[in-house]
Amino acid sequence: TVTEQSTSSPLPGVNVIIKNTTKGTATDFDGKFQIEVKKGDVIQFSYVGYIPMEVTYSGQATLNVQLREDAAQLSEIVVIGYGSTTKKDATGSVEAITSKDFTRGNIVTPENLLSGRVSGVSVTTSGAPGAGSEIRIRGGSSINASNDPLIIIDGLPIDNNGLSGSNGVLSSINPNDIDSFSVLKDASATAIYGSRASNGVIIIVTKKGKSTFSATYDAQYTFGEITNNIEVFSGDDYRQLVASQPIPGTTLNVNALGTASTNWQNEIFRNTVSTNHNISMQGALFKVLPARFSFGVTDQQGALLTSKFERRNLSLALNPSFFDDHLKVNLNANLAYEDNRFADSGQIGTALQYDPTQPVYDATSPFGGFYQHRSGSNLLSGATNPVANLLQTNNKGDLNRTYGNLNFDYKFHFLPDLRAVLNIGYDESQSKIINSATYATNDDVKGNSSFGNQTRTNKLLDGYLTYNKEFNTLRTEFTAGYSYQKFTNSGDDTGNRLDALSFPSSYEDPDVVLIGFFGRANFTLLDKYLLTLTYRRDGTSRFSKDNQWGDFPAAALAWNLSDEDFLKNSTTISNLKLRAGYGITGQQAVSEKDVFLNRYRAGDANSQYQFGNVAIQSLIASEINPDLKWEETATIELGLDYGLFNNKLSGSLNFFQKNSKDLLFTASVADGTNFSNSIIQNIGELRINGLEFSVNANVVQKEDWNVDFNFNATFLDREITKLALGQDVRTGGISGGTGNNIQILREGQAPNSFSVYKQLYDTSGNPIEGAYVDLNGDNIINDNDRYIKENPGADVILGFQSNINYKNLDLSFNLRANLGNYVYNNVNSSRAQYELLQDVAVPANIPTSVLNTGFVRTADVIISDIYVEDASFLKMDNITLGYTFNNITKNLKSIRVWGGVQNVFTITNYSGLDPEVFNGIDNLIYPRPRNILAGANFKF
Amino acid sequence: CTDDLNITPKDDQTTLSEELFTSEAAYKQVLAGIYANLALTGTDGAGSSNLKNIDAGTSQFGRVLLYVQSLSADEMIWSYENDPGTREIQRNIWTAQNPLLLGMFSRAHLSVALANNFLRETTDAKLDARNVSAATRSQITTYRAEARLMRAMAYYYMMDIFGKANFATEEDAINSIPAVYDRAQLFTFIENELKDIDADLVAPRQNEYGRADKAVAYMILAKMYLNAQVYIATDRYADCITYCDKITDGGYSLATNYLHNFMADNNTNSATNEIIFPIVSDGSTTQNYGPTTVMINGEVGSLEENGTALGVSEAGWGGALRIRKQLANLFGSAFANDTRNTIISANRPIEITDISDKDTGYVITKYSNAKSTGGFGIDQTFVDTDFPLFRLADVYLMYAEAHLRGGGGTQTKALGYVNALRTRANNTNTISSAGLTLDFILDERARELHWEAHRRQDLIRYNKFTGGNYNWTWKGNGSNGISLPTYFNLYPIPTASMAANPNLTQNTGY
């Protein structure tokens, strides 16, 4: 029997050959084999991804062999676009992450398996239950167009656009069904995906059916609590503050205050209990059909009152092969049901603001028994009770998603070197939104009741031919194929049915169709010199007939230096590969789908004009750009893969430069010649310089004692090298005023740099309210005096994770750090001023950080550089400790029990709640709770 | 199947132009689109915008016009200075980056683009090709004249506010780089254009409500002539008198009550006799954050919370708008019962020393979402009140002023007009011929026409906007007002607009 060393599970399909003969066989489903041998024969066992083994036969009746996974993983299969290669033969910057490398802990959505794990990849997730993430590979190569990577599940590129009623495109996918990720980073690896490859590619491979039976059951319980609040005044402090009358010229009404002391943040957040159960079974159906079935149940409570995420996943994989393995068929079928209840995260802001001297409930209140500022049944103007707003609102989103693919892989009978692969993919999500609410209001409309539906579909058909041929010392592989994909999106909404002025609406987006022809040639000479050439020609429906096709070539060279004679016998250097790649990738993912067409848009029911006091549906010509075309990114990369001391230490070092040109960018057009003042056009250039470094170390590798760690570092520098017509573009909308922007796009600067006034301080170092440095010296403080202070992008991103095994104990944790990322503290800038103690007609609370500045008026200070803060941080996302009981019964192979903590600690100088925010503007993100985890994993 | 790449829109609100004109009703709807650009900011509700880089609501035509003409002068204060651009406008410290100026420049030029588009789609060749019926074609003749009128009006405002404009006609292709016309060129173009379309426009008061007629063209001409000294350094007061007369000959009369002009039903009450051209607003079908919605919600006092009586929510926008001392002082004791005096002064200091302190300074209730017949507009935020862009009272005062400036006409008529306004306002203090002076006219214009987007133009004509002849509260960012350099008589060309058209040059001084 041949088994796998670490798990003792049988290995089917292992090649068993008697050395120097043609005699051989392969192991069966149970890892068993039979072969005729004579004493002294050397039997060779080999299996992809494992260290080959030779055993000299000494006459025993049975032979048990344990194959060890190849630590160097040089022969590990790495999935790449339309095919696979081995780590040794890879010419591009490709990182494969298999289940043993996954980040462990409270993983609800699949992308978090990668969190902090791969150099150049950042994953940012909010604290909302089931929340989607912002994934960035090498910082993103666009400004206005999408910076999301292309995500491919079993060959099906998915739509990055979410649905209303759902949390995110990956939220409906069960992380337990994932077998591995491949992260394609440089152009030579991604160019085969042409138009969608500029921001990298993440290929997700799900678990497949196997011939031998195994089953697992996972259970996980999560207990969460919010550990950090924004500090506002307590009831008593607030009463004192108001009595001190801190607003010059305005007298606050002390009599309006109550006697209670309510911490509204504590009232809107709760401790949560979440559960996660997964069952999976693998085995041969009818003894011949390898299959896998899994069922997952995730119930997540959100820390913010009433929010929750529930998901049910059913997944089936069938993986039969026919005609002596000439035809392999892979079927993946998945059903996902999400059941969400969304809580208005705007109430987090209301909780900061709401009067701390009043109680939550008021038995005499006509507003559902909740306290409200009122006189009789007439509500006073100002914020309303946040607890009431949460409990009296029920916004639900149900999502049904069906996705999967059918893959045929046929090795030609008459020409086994030639393979044909056909892949059919389908992904349909239907969401239903049901909103109902009661408002505390004086308006005639006292609530909301609305329904909505949305449907997105994604259909794929692609196929390719692969031809392998060896000529003496030259190995070649040629791939050529075609891909067709179509996305649709439509929906409707009833509007508020309690409001007579509200009306039903519907929408249907134009189809997005993407068609590609692609080819790749690999040449490997003497196993040492590698050349990969790829080419893709892509068409998109987003551009006019004249511009819809683009060409995306790439080339990469690699040199396995360690196979050269002068290094072959080195005991220090076990692996050394130099890589160089260049390629051009494209970008067409903009929200505009038909901007090249001559269109008119009719006003909706609220947007009509009146002729003769009769509403007439006006038709307004829509903005148009018939010349829109691809954004192009040229990437040059130099890389080095290394392995030292028998690959105990391995990793890579990459230097890259990405130059994006013809950026799809919304920029001004001459007024009067288009139907807007600004349209999407190809204008501007962006440059990213980067350095990535990673090291994987097996510090201790002994029989019952194993320590390894992974460290990765990414240095990124993004700079706008050319902008539309050389002019600045303001961006980064903030709260506190209508339409205020805090960020700027400017040539020579990083995207979204902060544009602020330079604060003046008095002699004792206190900021002077509304006083700024007159930078241009014209004696007027106006827009011309704003300067650039830092940007939200991190200069350095670090990741560290470690797995430690001692006998049956395992410990793993990960750390993540961002250095040099700045955040605009919009919570303080728009809330920490004394004038906000009065909220129209009612008292309101403000953050205690006002004590540091003494600021009174928001309008005078909101653009001050005092609010741009260094938000560098070090975080421990997860730590888990487990113990495995082995061979419990004949059928129950093992139980692993484990416990852990998520969001263990954050070290930062940032003054706000959490330094990790989206786009550098901290405006009350849904807080990330600290979770205590307990779980058990049963293997059968 | 690569043909699938050639898609067509599927949404029921979007139509390709080649399909659109298969229905002859479309011509009127596309014409309505040109008018709608004055009231709406986009096709999908008050929060939508077909302009970018400016908040949707603040890009509304009448709103930016109000900011540029009234907020910049001595009539109005906006409390929320964290709304971008407002601080710089009301303190006269604006720069070329001001988003409200971008809104003004881009919104007016969008009118030009929409009008040009209509003219391109209604050429004889196109109508022939589409076999348009004779009945529709005769209507299209009027529509085309109205489109040209709306284009001329946009250029009139650009001439006044920025002193230049991108000059594009139906001959200029989409996305081309247009020539730039200066004041003199614009003056000539608008003058010729308005005279050229006169024959095709409907007679005064004979068109459907909401659509422009001959009197709108006359009004623009009258205003150009009155300000011709400013625009082209030429005396055209006589022409002003001529065109004022053409308007009054059109059968207009003053509304029976001054306040009818500013009420929710000003599209049906006696104001329809007075209003020459409205920007339409409706709480249900034409929702917008335009000047009437802003002024009615904004004028609700922070102390008074008098929104209910004005037909909006009790607290409105919490005291967003107040008046400066100088406007308050124009309504002395002689105006205690003048219906144009809607000032609330109780418990309020007249001075605004701190702009964000909403309890200081007087508030007014000139505009309202209440109906003259009782009852209120349909919505409590979006008002039904139309904005009276041009009305007869303005014509009366223009006539009087042009007369005083030597444009001819008769003093009797001038005096009669001025006193008609007083009488209508229930003010018994009528004016004698001795009292009829240019300074009187300027003050009377403020009393009659405040918050109607005329003030900056008036002060410039009187040489009081810049320089130190007249300093009002917060002029030049001084709490008592300081002198402004002369170049502030024109606004700067927005940076973004200038970048997109290399033919545009910045106005002197900026």
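Residues numbered from 1 in each chain as written. Chains lettered and ligands numbered in written order. Predicted model: local features only at pLDDT ≥ 70, side-chain atom pairs only at ≥ 80, totals over all residues. Heavy atoms only, no water.

Q: What exactly am I supposed to notice about the overall build of chain B here?
A: When its secondary structure is counted, chain B shows 19 helices and seven strands. For chain B, whose C-alpha radius of gyration is 22 Å, the value lies close to the compact-globule estimate of 24 Å for 510 residues. Each principal axis of the C-alpha atoms in chain B carries an extent, and together these give about 75 × 50 × 50 Å. Looking at chain B as a whole, 67% of its 510 residues qualify as buried. Partitioning the intrachain contacts of chain B with sequence separation of at least 6 by distance along the chain shows that 67% fall at a separation of at least 24. Working note: accessible area of chain B is about 15,300 Å², and carbon and sulfur atoms make up 48% of it. (Helix = DSSP H or I, 4+ residues; strand = E, 2+ residues; numbered from the N terminus. Rg over C-alpha atoms; globule rule 2.2 N^0.38 Å. Buried < 20%, exposed > 50% of the residue type's maximum accessible area, 1.4 Å probe, protein only. Contact = heavy atoms within 4.5 Å. Areas by Shrake-Rupley, 256 points an atom, 1.4 Å probe, with all protein chains shown as cover.)

Q: Would you explain unusual backbone geometry in this entry?
A: Glycine aside, residues mostly have negative phi angles, and peptide bonds mostly take the trans form. The phi angle at D527 of chain A is positive, at roughly 60°, despite the residue not being glycine. On the basis of relative accessibility, which here comes to 37%, the residue D527 of chain A falls in the partly exposed class. Even without glycine at this site, N175 of chain B takes up a positive phi of about 65°. Tracing the sequence through the fold places N175 of chain B in the loop between β3 (164-167) and β4 (179-182). N175 of chain B gets classed as partly exposed once you look at its relative accessible area, which sits at 27%.

Q: Looking at this structure, how should I read the sheet that holds strand β13 (residues 156-157) of chain A?
A: In any sheet, the strands associate via hydrogen bonds between backbone groups, in a parallel or an antiparallel arrangement. All names here are of chain A. A sheet is described by the order of its strands in space; here five strands give the open sequence β9-β14-β15-β12-β13, paired in mixed fashion. Taken across any chain shown, the strands that pair with only one partner, and hence form the sheet edges, are β9 (94-98) and β13. Where strand β14 (residues 178-184) lies against strand β15 (residues 201-206), six bridges are found, and the strand directions are antiparallel. Residue pairing for β15: I178 is matched across the bridge by T206. (Pairing = 2+ DSSP bridges.)

Q: Help me out: how do you make sense of the nonpolar core in this one?
A: Considering soluble globular proteins, one finds that nonpolar side chains tend to be buried as a cluster. With 161 residues, the main nonpolar core has L149, Y157, I190, I220, F277 and F390 of chain B as its most contacted residues. Apart from the residues within four sequence positions on either side, I220 of chain B is in contact with L149, M153, Y156, I190, L194 and F390 of chain B. In terms of nonpolar packing, the next biggest core, distinct from the first, is built from 23 residues, I268, L305, A343 and A388 of chain A among them. (Core = buried A, V, L, I, M, F, W, Y, C linked by side-chain atoms within 4.5 Å.)

Q: Help me understand the environment of A393 of chain B in this model?
A: Residue and element names in this part refer to chain B. Its location among the elements puts A393 in helix α15 (residues 392-407). For A393, a relative accessible area of 0% gives the class buried. Expressed as a C-alpha distance, the spacing of A393 and G374, which sit 19 residues apart in the sequence, is 25 Å. Not counting chain neighbours up to four residues away, the residues in contact with A393 comprise L254, E274, L421, R424 and E448.

Q: Please clarify how the domain arrangement of chain A should be interpreted in this entry.
A: Often, the extent of an interface is quoted as the loss of accessible area on bringing the components together. Residues and elements named next belong to chain A. Domain parsing of chain A yields domain 1 (1-69), domain 2 (216-592 + 628-939) and domain 3 (593-627). Each partner contributes residues to the interface: domain 2 has 22 residues there, and domain 3 has 14 residues. Summing the contributions of domain 2 and of domain 3, the shared interface buries around 1,500 Å²; its carbon and sulfur component is 57%. Between the two partners, domain 2 and domain 3, sit one salt bridge. Between K593 and D509 there is a salt bridge, with the nearest N and O atoms lying 3.1 Å from each other. Between the two partners, domain 2 and domain 3, sit nine residue pairs in polar contact (both at pLDDT 80 or more). Among the elements that take part in the side of domain 2 that touches domain 3, strand β40 (residues 678-682) stands out by supplying five residues, more than any other. Its residues assigned to classes, the side of domain 2 that touches domain 3 comprises nine nonpolar, nine polar and four charged. (Domains from an automatic or database assignment. Buried area = accessible area lost by both parts, 1.4 Å probe. Salt bridge = Lys/Arg side-chain N within 4 Å of Asp/Glu carboxyl O. Polar contact = N/O pair within 3.5 Å; in protein donor to acceptor, adjacent residues only side chain to side chain. Nonpolar A, V, L, I, M, F, W, Y, C, P; charged D, E, K, R; others polar.)

Q: What's the story with the packing of aromatic side chains in this structure? I'm lost.
A: Using the criterion set out here, one finds 58 aromatic pairs over all chains in the structure. Considering the side-chain rings of F543 of chain A and W630 of chain A, the 5.5 Å spacing of their centres and the 85° angle between planes classify their relative orientation as edge-to-face. Highlighted residues: F543 of chain A in the loop between β30 (529-540) and β31 (549-560) and W630 of chain A in the loop between β36 (619-621) and β37 (631-644), separated in sequence by 87 residues. Residue classification places F543 of chain A among the buried positions, given a relative accessible area of 0%. Overall, the relative accessible area of 5% leaves W630 of chain A in the buried class. Ring centres of Y225 of chain B and Y243 of chain B lie 5.8 Å apart, and the angle between their planes is 45°; this geometry places the pair in the tilted category. Here Y225 of chain B, found in helix α9 (residues 214-226), pairs with Y243 of chain B, found in helix α11 (residues 237-248); they are 18 residues apart in sequence, far enough to count as distant. According to the relative accessible area criterion, Y225 of chain B is buried, its value standing at 0%. Overall, the relative accessible area of 10% leaves Y243 of chain B in the buried class. Put simply, the rings of W94, F105, F162, Y487, F488, Y491 and Y510 of chain B touch in pairs and so form one group of aromatic residues. (Phe/Tyr/Trp six-rings, centres within 6.5 Å; stacked < 30°, edge-to-face > 60°.)

Q: Can you walk me through the interface of chain A and chain B in this structure?
A: Between chain A and chain B, the contact holds 92 residues from the first and 99 residues from the second. Interface area, chain A with chain B, both sides summed: about 7,800 Å², of which 52% is carbon and sulfur. Three residues stand out in chain A for area buried against chain B, namely Y600, Y609 and F611 of chain A, and they jointly supply 11% of the buried area on that side. The salt bridge partner of K10 of chain B is E508 of chain A, with a shortest N-O separation of 3.6 Å. Here chain A is connected to chain B by 47 residue pairs in polar contact (both at pLDDT 80 or more).

Q: Explain helix α4 (residues 346-353) of chain A here, please?
A: In an α-helix, one turn spans 3.6 residues, which is why side chains three or four residues apart end up on the same side. Residue and element names in this part refer to chain A. The element α4 is extensively covered by neighbouring structure, given that six of its eight residues are classed as buried. All buried positions along α4 are accounted for by Q347, I348, G349, T350, A351 and L352. Against the buried residues of α4 lie α3 (264-268), α5 (386-391) and α7 (826-831).

Q: I tried to follow the environment of V796 of chain A on my own but got confused; where do I start?
A: Residue and element names in this part refer to chain A. Among the secondary structure elements, V796 is positioned in strand β49 (residues 796-806). Taking relative accessible area as the criterion, V796 reaches 14% and is therefore assigned buried. Distance from V796 to Q608, taken between C-alpha atoms, is 52 Å for residues 188 residues apart in sequence.

Q: How should helix α2 (residues 235-243) of chain A be read in this particular structure?
A: Along α2 of chain A, the positions that sit buried rather than exposed are G235, Y238, L241 and V242 of chain A. Buried residues of α2 of chain A, viewed axially, fall in a sector of 120°; they line one side. (Arc of directions from axis to C-beta.)

Q: Sorry if this is basic, but what is going on with the pattern of salt bridges here?
A: Note that side chains of opposite charge can pair when their charged atoms are close. Counted according to the given criterion, the structure contains 86 salt bridges over all chains. Between E310 of chain A and R312 of chain A there is a salt bridge whose closest N-O contact spans 3.8 Å. Note that R151 of chain B and E193 of chain B form a salt bridge whose closest N and O atoms lie 2.8 Å from each other. Of the two residues, R151 of chain B is situated in helix α7 (residues 134-161) and E193 of chain B in helix α8 (residues 183-197); the sequence distance between them amounts to 42 residues. Take E193 of chain B: its relative accessible area is 8%, and that puts it in the buried class. Through salt bridges with shared partners, a single ionic network connects E274, D338, R340, K366, R391, R422, R424, E444, R447, E448 and E452 of chain B.

Q: How should the side chain of S812 of chain A be read in this particular structure?
A: Residue and element names in this part refer to chain A. Topologically, S812 is positioned in strand β50 (residues 809-819). Taking relative accessible area as the criterion, S812 reaches 5% and is therefore assigned buried. Ignoring anything within four residues of it in the chain, the contact list for S812 reads R104, S802, N803, N878, I879 and T880.

Q: Is there a simple way to explain the sheet that holds strand β1 (residues 14-16) of chain B in this structure?
A: Spatially, the three strands line up as an open sheet ordered β36(A)-β33(A)-β1(B), and their pairing is antiparallel. Bordering the open sheet on either side are β36 of chain A together with β1 of chain B, each of which pairs with just one other strand. Each neighbouring strand pair of the sheet contributes to a mean axis angle of 30°, computed without reference to strand direction. In this sheet, β1 of chain B lies alongside strand β33 (residues 599-602) of chain A in antiparallel orientation, the contact comprising three bridges. Its bridge partner being in β1 of chain B, R601 of chain A is matched across the sheet by T14 of chain B. (Axes fitted to C-alpha atoms, helices over the stretch in contact; angles between N-to-C directions.)

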